[in-house]
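# A closer look at the structure
Here are the chains, one letter per residue:
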Amino acid sequence: MDIPQDPIILLSYVNTKLRDHFATLEELCSDCEIDEESLRETLASIDYHYDETTNKFV
């Protein structure tokens with residue numbers, strides 16, 4: 001799946017997908033064929049980390 005490359009836009013894209021369509025980050029990554037570790041690293045580069053409790057990057 002083609003996802004945004006800009007980390008800020010990616011953050012918004014991923015959090016929207018998590019809020020509207022997926023119960024976990026693992027489900028989103030599996031369904032969209034996204035490498036979870038790479039996604040986490042990209043968003044960590046702008047100081048955002050996945051919070052399982054709220055199911056979003058904060």
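Preceding block: the structure.
Residues numbered from 1 in each chain as written. Predicted model: local features only at pLDDT ≥ 70, side-chain atom pairs only at ≥ 80, totals over all residues. Heavy atoms only, no water.

## A closer look at the overall build of the chain
When its secondary structure is counted, the chain shows three helices and two strands. Reading the chain from its N terminus to its C terminus gives the helix and strand order α-α-α-β-β. Expressed along its principal axes, the backbone C-alpha trace of the chain runs to roughly 25 × 25 × 20 Å. Evaluated residue by residue, the chain yields a buried proportion of 29% over its 58 residues. Put simply, of all contacts in the chain between residues at least 6 apart along the chain, 47% involve residues at least 24 apart. Summed over all atoms, the accessible surface of the chain reaches about 3,900 Å², with 46% contributed by carbon and sulfur. (Helix = DSSP H or I, 4+ residues; strand = E, 2+ residues; numbered from the N terminus. Buried < 20%, exposed > 50% of the residue type's maximum accessible area, 1.4 Å probe, protein only. Contact = heavy atoms within 4.5 Å. Areas by Shrake-Rupley, 256 points an atom, 1.4 Å probe, with all protein chains shown as cover.)

Function cannot be read off these values alone, since they describe shape.
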